[in-house]
Amino acid sequence: MAKFLRLLLSVLLGLVVGSAVNMGLVLISGKVIPPPAGADVATMEGLKASLHLFEAKHFVFPFLAHALGTLAGAFVAGLLAPSRSVVPAYVVGGLFLLAGVANVIMLPAPAWFSAVDLVVAYLPAAWLGQVLATRTHRARSSGA
């Protein structure tokens, strides 16, 4: 039972950290790459209505938010997982992927962005987060 609770806790903390990274990047994105003139990005309805105004550069931060949020969440889940289990990192990646699918359904983003986002931002980032967590465990255990 204790192992299951640690697995669950590692997933939950991974989701919290990943979501915080995602939201942080979303919040600063408009300051780094301002939305197009006339775009209302304050509400979901406004975003839907103005997505046709977006250029490729406007999709950089959403992609980074999805990929780096997943990476951070999977890394934390992998670090906290009992017995160095890979399951929590991939659960975090899978849950973020499901959120990405929901996002694709709700927002009419260009097909190229939806494809790149779903294929590259989630499961590969979860894999990389797990790899980094494994390397961190090895470095700690070898005394480096």
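Quick caveat: nothing in here was measured; it's all calculated off a predicted structure. (Residues numbered from 1 in each chain as written. Predicted model: local features only at pLDDT ≥ 70, side-chain atom pairs only at ≥ 80, totals over all residues. Heavy atoms only, no water.)

Chemist: Any chance you could explain helix 6 (residues 123-142) here in plain terms?
Modeler: Residue pairs spaced three or four apart in an α-helix point in one direction, given the helix's 3.6 residues per turn. For helix 6, spanning 20 residues, the distance from its first C-alpha to its last is 29 Å, which sits close to the expected 28 Å at 1.5 Å a residue. Buried within helix 6 we find Ala125, Ala126, Gly129, Gln130, Val131, Ala133 and His137. Buried residues belonging to helix 6 abut helix 3 (60-80), helix 4 (87-106) and helix 5 (111-120). (Helix = DSSP H or I, 4+ residues; strand = E, 2+ residues; numbered from the N terminus. Expected span 1.5 Å × (residues − 1). Buried < 20%, exposed > 50% of the residue type's maximum accessible area, 1.4 Å probe, protein only. Contact = heavy atoms within 4.5 Å.)

Chemist: Even after reading the chapter, I still don't get a nonpolar patch on the surface, so can you show me in this structure?
Modeler: On the surface, a nonpolar cluster with roughly 770 Å² of combined accessible area is contributed by Val86, Val87, Tyr90, Val91, Leu95, Leu98, Trp127, Leu128 and Leu132. Listing elements by their share of the nonpolar patch, those giving two or more residues are helix 4 and helix 6. Per-element tally for the nonpolar patch: the top contributor is helix 4, with five residues. Relative to the helices and strands, Leu128 is located in helix 6. (Patch = residues over 30% accessible without salt bridge, like charges linked within 9 Å, V, L, I, M, F, W, Y side chains within 5 Å. Areas by Shrake-Rupley, 256 points an atom, 1.4 Å probe, with all protein chains shown as cover. Salt bridge = Lys/Arg side-chain N within 4 Å of Asp/Glu carboxyl O.)

Chemist: Whenever I open this one, the environment of Gly73 confuses me. Can you help?
Modeler: Following the sequence through the fold, Gly73 ends up in helix 3. Remark: the alpha-carbon pair of Gly73 and Gln130, spanning 57 residues in sequence, is separated by 9.6 Å. Setting aside its immediate chain neighbours within four residues, Gly73 contacts Gly14, Gly18 and Val92.

Chemist: Looking at this structure, how should I read the confidence of the model for the protein chain?
Modeler: Close reading of the predicted structure is inappropriate where its pLDDT is low. Here the protein chain shows a mean pLDDT of 93. Residues at 70 or above account for 99%. Highest mean pLDDT in the protein chain belongs to helix 3 (97); lowest belongs to helix 2 (residues 44-50) (86). (pLDDT = per-residue confidence, 0-100.)

Chemist: Would you explain the packing of aromatic side chains in this entry?
Modeler: The relative placement of two aromatic rings is captured by the distance of their centres and the angle of their planes. Applying the stated rule across the entire model yields four aromatic pairs. Here the aromatic rings of Trp112 and Phe113 are separated by 6.0 Å at their centres, their planes lie at 85 degrees, and the arrangement is edge-to-face. Residue classification places Phe113 among the buried residues on the basis of a relative accessible area of 7%. Three or more aromatic residues joined by ring pairs make a cluster, and in this case those are Phe54, Phe59, Trp112 and Phe113. (Phe/Tyr/Trp six-rings, centres within 6.5 Å; stacked < 30°, edge-to-face > 60°.)

Chemist: Looking at this structure, how should I read the packing of helix 3 against helix 5?
Modeler: Two quantities define a packed helix pair, namely the angle between the helix axes and the distance between the axes. With their axes 10 Å apart at the nearest point, helix 3 and helix 5 run at an angle of 15 degrees to one another. The orientation of helix 3 with respect to helix 5, classified from their angle, is roughly parallel. In the crossing of helix 3 with helix 5, the sense of the turn from one axis to the other is right-handed. Taking contact as the criterion, the partners of Pro62, Phe63 and His66 in helix 3 are, on helix 5, Phe113, Val116, Asp117 and Val120. Residue composition of the contact of helix 3 with helix 5, grouped by class: five nonpolar, one polar and one charged. (Axes fitted to C-alpha atoms, helices over the stretch in contact; angles between N-to-C directions. Parallel < 35°, antiparallel > 145°, perpendicular 65-115°, else oblique. Left-handed = near helix turned anticlockwise from the far one by under 90°. Nonpolar A, V, L, I, M, F, W, Y, C, P; charged D, E, K, R; others polar.)

Chemist: When you look at the side chain of Ser85 in this model, what are you seeing that I'm missing?
Modeler: Position of Ser85 relative to the elements: it lies in the loop between helix 3 and helix 4. In terms of polar contacts, Ser85 uses its side chain to reach the backbone amide nitrogen of Val87, at 3.2 Å. (Polar contact = N/O pair within 3.5 Å; in protein donor to acceptor, adjacent residues only side chain to side chain.)

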